[in-house]
Amino acid sequence: MSQFKHKQQGVALIIVLLIVAIVSVLATEMGGRLQLQIKRASNIKENNQAYWYAMGAEQYARKSIERLMDEDGEVIHLEQPWNQEFVYPIEGGGIQAQLVDMQSCFNLNALKESDATKLIERKKAFEWLLQQVEPEIPSYNRDLVRDALLDWLDEDDSLQDFGAEDSEYESRQFPYITANNYMVHKSELRLINGVEVSWLRELLKLVCVLPNDSLFEINVNTVSEENAAVLAAATGLTLADAKSILASRDPEGFQDVNAFLNLPSIQALDLNADQKTWFNVKTFHFILHTKTKYNDATFAMQTLFKVDSSNNVSIIRRDFSGF
């Protein structure tokens, strides 16, 4: 009986130890999960705060554009306050934002033009833009990209000379089809037949996309010297001549479009009536690049604004990426 009693005590001890071990494991697991939930809740809070900082910057930019249009909307240039980078420190983080004129770049959707005569001139301008890119784009690729982009935008299945329709893209390892509509974002350019990574990054600096808008109107006051290729493409000037015009431009820009068109170097080009409408000193589209930080959370957003004829500012696109 004494030996049996000792055996029972040994079993009881083992059971107690097992219970303690199980409780310890459960407590450790519960503690770990609690820490995870606390961290997750903290991350959500910080990310939400960074998001709302970005939305606040967006509303501030919207009001700034409205004020700009009411006070100086007839002439938009780079010396105005809208072009200054906005940096606002906040406890635990900060806001960084920059407005950019979306009419200082080449709108790819301008090539979705129903008027055949106007399209021919815009097609030439885009081809001239491709010739200004460094590193140089091979002539064969320029032909491919030019015509493939037209096929991407038009609504028919007819091939341009060097173009590409659905059959080209469906034959690839990861098949897709043409949009046959306006581009939504300039990053779509990477899908176009003939585009190569080696020069795509430089081309993307010169182009933009206005969603559902074939507007081709360049503000000659906001094109920077770094983007002189845009002015060269629209006018037919050499890159050096375009840079010279921008370098000698008054800090407050041209006061009206005729002041630009009456420049001797521009008059010598003998632009037709339609080509002259490509230039303006006003702007109706801006994009806001915003980056916010709060503790360990960061948030980046791009907001595209459009100004209507009554100077009302609306948001037509948001991208939650990049800066």
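The present account deals with the structure reproduced in this document. Predicted model only: the values in this text are computed from it and were never measured.

### A few points about empty space enclosed by the protein
Then comes step 1: Scanning all chains against the criterion turns up one cavity of 30 Å³ or more.
Then comes step 2: The calculated volume of the largest cavity comes to roughly 30 Å³.
Then comes step 3: Forming the walls of the largest cavity are Met 102, Gln 103, Cys 105, Asn 107, Leu 210, Leu 215, Phe 216, Glu 217 and Ile 218.
Then comes step 4: For the lining of the largest cavity, the class distribution of residues is six nonpolar, two polar and one charged.

### Let's talk about the sheet that holds strand 1 (residues 86-90)
Then comes step 1: Taken together, the five strands give an open sheet; going across it, the order is 1-2-7-8-9, and neighbouring strands pair in antiparallel fashion. In the strand order of this sheet, the two ends are held by strand 1 and strand 9 (313-319), each with one partner. Each adjacent strand pair in this sheet contributes to an overall mean axis angle of 20 degrees, direction not counted.

### Considering the state of the cysteines
Then comes step 1: Taken as a whole, this structure holds one disulfide when the rule is applied.
Then comes step 2: In this model, Cys 105 is linked to Cys 208 through a disulfide, with the two sulfur atoms separated by 2.1 Å. In this structure the cystine formed by Cys 105 and Cys 208 twists about its S-S bond by roughly 95 degrees; its chirality is therefore right-handed. Residue Cys 105 is found in the loop between strand 2 (93-101) and strand 3 (106-107), and its partner Cys 208 is found in strand 4 (residues 207-208); the two are separated by 103 residues along the sequence.
Then comes step 3: Taking relative accessible area as the criterion, Cys 105 reaches 10% and is therefore assigned buried.
Then comes step 4: On the basis of relative accessibility, which here comes to 3%, the residue Cys 208 falls in the buried class.

Analysis parameters
- Residues numbered from 1 in each chain as written.
- Predicted model: local features only at pLDDT ≥ 70, side-chain atom pairs only at ≥ 80, totals over all residues.
- Heavy atoms only, no water.
- 1 Å grid on protein atoms, 1.4 Å probe; cavity = no way out; pocket = protein on both sides within 12 Å on 5 of 7 lines; lining within 4 Å.
- Points joined across faces, edges and corners; volume = space filled by probe spheres on them.
- Nonpolar A, V, L, I, M, F, W, Y, C, P; charged D, E, K, R; others polar.
- Pairing = 2+ DSSP bridges.
- Helix = DSSP H or I, 4+ residues; strand = E, 2+ residues; numbered from the N terminus.
- Axes fitted to C-alpha atoms, helices over the stretch in contact; angles between N-to-C directions.
- Disulfide = S-S within 2.5 Å.
- Buried < 20%, exposed > 50% of the residue type's maximum accessible area, 1.4 Å probe, protein only.

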